[in-house]
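# Structural description and commentary
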Amino acid sequence: MLFRKILYPIDLEKASLEAKPYIFKLKDAGCMEVHLLYVMVPSEWGLIPKGNYNSEEMIEALKASMSEGYVDGLKRTFRKLQEVAREFEEEGIKAFISIIPGKLSEVISSYAEENDIKLVVLGVSAGSLSFFKIGEIVDIIKASTKPLLIVKSKVNYSSENEK
Amino acid sequence: MPLFEKVLYSTDFSPLAEYALDYVKKLKEAGAKEVIVVHVVDDLSIELPDGADLLREKELFKILPEVDQEYVTSIVERLEAIKQELEKEELSVKLYLKYGNISRQIVKVADKESVKLIVMGAHGKGLLTEIILGSVSTDVIRNANCPVLIVKKMEE
């Protein structure tokens, strides 16, 4: 059951979405579940209690401590994740959504450990693998004890940011 | 969609690389048909040109000192054993035994063979070594033109 349960860290950028067809294909090799994980990196979230903000109600409750604009943006993210989850469900793969604040590499590795993940699928931009930017990806690889499928997008990091 | 049709499997014959082979076999169910098995040697007692093909360039083998010839012969036997194992799974197999920089040669063969995926084991190395020198796996990820499946450790 090498590919049964896949963790798919996703930031909804083009590079991360390009990993999706690989997970669809892995259904034929036994993938039954995909866990979509959106990590709120510190610059985005400030001070939020640790937890999994995986429902509109939980996100709405953040309005008590965060700006309305940010929380509404997070809700839009959640809805987009639901759309991606639906695509997997339509392919016959059970999908779960998690939105967790923290450092990317730590959240990914601890989620993978706690949920008995078999494979982590990462869609990364070519720019993030350049000599000066590869640090974050190396951190994820180092922190993970699980196998990783790294799908490298042809999307250029700088042009992605210019959108 | 032929996302996993042609797979490059890089091996250093370690138990982790052997475990990574299970992933290659499993990928047959996701469409893998052909496996390019690659081993790169960088520790012969004489210097050869980077990228020398020790399987196909027979005259190279002849110039090697006896100790290296024995070493290369033992590697060829191990590669042949992997070939047989994969052929049992009804996968077609092509072998490469290259000399030179490990990550560079893996990426070169991957490009030459237009593989769809590289599968390899990744051994944890010291943080400092990795920051300064980079590891084989991170160098492959950085330079490959296709997805890379990194197998970190064996399942308990």
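Conventions we followed
Residues numbered from 1 in each chain as written. Chains lettered and ligands numbered in written order. Predicted model: local features only at pLDDT ≥ 70, side-chain atom pairs only at ≥ 80, totals over all residues. Helix = DSSP H or I, 4+ residues; strand = E, 2+ residues; numbered from the N terminus. Rg over C-alpha atoms; globule rule 2.2 N^0.38 Å. Buried ≥ 20, exposed ≤ 12 C-beta atoms within 10 Å, placed from the backbone. Contact = placed C-beta atoms within 7 Å. Pairing = 2+ DSSP bridges. Axes fitted to C-alpha atoms, helices over the stretch in contact; angles between N-to-C directions. Parallel < 35°, antiparallel > 145°, perpendicular 65-115°, else oblique. Left-handed = near helix turned anticlockwise from the far one by under 90°. Nonpolar A, V, L, I, M, F, W, Y, C, P; charged D, E, K, R; others polar. pLDDT = per-residue confidence, 0-100.

## Some words on the overall build of chain B
Regarding its fold elements, chain B presents six helices and five strands. In sequence order, the secondary structure elements of chain B are arranged as β-α-β-α-α-β-α-β-α-α-β. In terms of overall dimensions, chain B is globule-like: its C-alpha atoms have a radius of gyration of 15 Å, near the 15 Å expected for 156 residues. If one aligns the C-alpha atoms of chain B with their principal axes, the spans along those axes are about 45 × 40 × 30 Å. Looking at chain B as a whole, 37% of its 156 residues are labelled buried. Partitioning the intrachain contacts of chain B with sequence separation of at least 6 by distance along the chain shows that 76% fall at a separation of at least 24.

## Comments concerning the overall build of chain A
Scanning chain A from N- to C-terminus turns up eight helices and five strands. Written out in order from the N terminus, the α and β elements of chain A read β-α-α-β-α-α-α-β-α-β-α-β-α. For chain A, with 163 residues in total, the buried portion stands at 38%.

## Some thoughts on the sheet that holds strand β5 (residues 148-151) of chain B
Pairing within the open sheet is mixed, and its ten strands lie in the order β3(A)-β2(A)-β1(A)-β4(A)-β5(A)-β5(B)-β4(B)-β1(B)-β2(B)-β3(B). Single-partner strands in this sheet number two, and they are β3 (94-101) of chain A together with β3 (92-99) of chain B. Between one strand and the next, the sheet's axes are offset by a mean angle of 20 degrees, whatever the strand orientation. Note: strand β1 (residues 6-10) of chain B against strand β4 (residues 117-121) of chain B, three bridges, orientation parallel. Within β4 of chain B, the position partnered with Leu8 of chain B by the bridge is Ile118 of chain B. Docked against the sheet, helix α1 (residues 15-26) of chain B engages β1, β2 (34-41), β4 and β5 of chain B, running at close to 145 degrees with respect to β4 of chain B.

## A word on the packing of helix α6 (residues 104-114) of chain A against helix α7 (residues 135-143) of chain A
All names here are of chain A. It is at 9 Å that the axes of α6 and α7 come closest, and there the two elements cross at 25 degrees. Between α6 and α7, the angle falls in the class roughly parallel. Crossing of α6 against α7: the hand is right-handed. On α7, the residues touching Leu104, Ser105, Glu106, Ile108 and Ser109 of α6 are Glu136, Asp139, Ile140 and Ala143. Here the residues of the contact of α6 with α7 are counted per class, giving four nonpolar, two polar and three charged.

## Some details on the interface of chain B and chain A
Across the contact, 22 residues belong to chain B and 22 residues belong to chain A. Among the elements of the structure, α1, α6 (136-143) and β5 of chain B are those that each provide at least two residues to the side of chain B that touches chain A. The leading source of residues in the side of chain B that touches chain A is β5 of chain B, at four residues.

## Structural notes on the environment of Asp42 of chain B
Among the secondary structure elements, Asp42 of chain B is positioned in the loop between β2 and α2 (58-63). Here the alpha-carbon distance between Asp42 of chain B and Lys98 of chain B, two residues 56 residues apart in the chain, equals 8.7 Å.

## Let's talk about the confidence of the model for chain B
Per-residue confidence for chain B gives a mean pLDDT of 90, with 90% of residues at or over 70. Predicted as a complex, the structure gets a pTM of 0.91 and an ipTM equal to 0.91.

## Examining the packing of helix α4 (residues 102-112) of chain B against α6 of chain B
Residue and element names in this part refer to chain B. Closest axis-to-axis distance for the α4/α6 pair is 9 Å, and the angle between their directions is 35 degrees. Between α4 and α6 the crossing geometry is right-handed. Between α4 and α6, the contacting residues are Ile102, Ser103, Ile106 and Val107 on the first element and Val136, Asp139, Val140 and Asn143 on the second. Classifying every residue of the contact of α4 with α6 gives five nonpolar, two polar and one charged.

## Observations regarding unusual backbone geometry
Note on backbone geometry: most residues besides glycine have negative phi, and most peptide bonds are trans. Look at Asp116 of chain A: it is not a glycine, yet its phi comes out positive at around 55 degrees. Residue placement: Asp116 of chain A occurs in the loop between α6 and β4 (119-125). Classification of Asp116 of chain A as exposed rests on a count of 9 C-beta atoms within 10 Å. Even without being a glycine, Glu90 of chain B presents a positive backbone phi close to 65 degrees. As for its placement among the helices and strands, Glu90 of chain B is situated in the loop between α3 (66-88) and β3.

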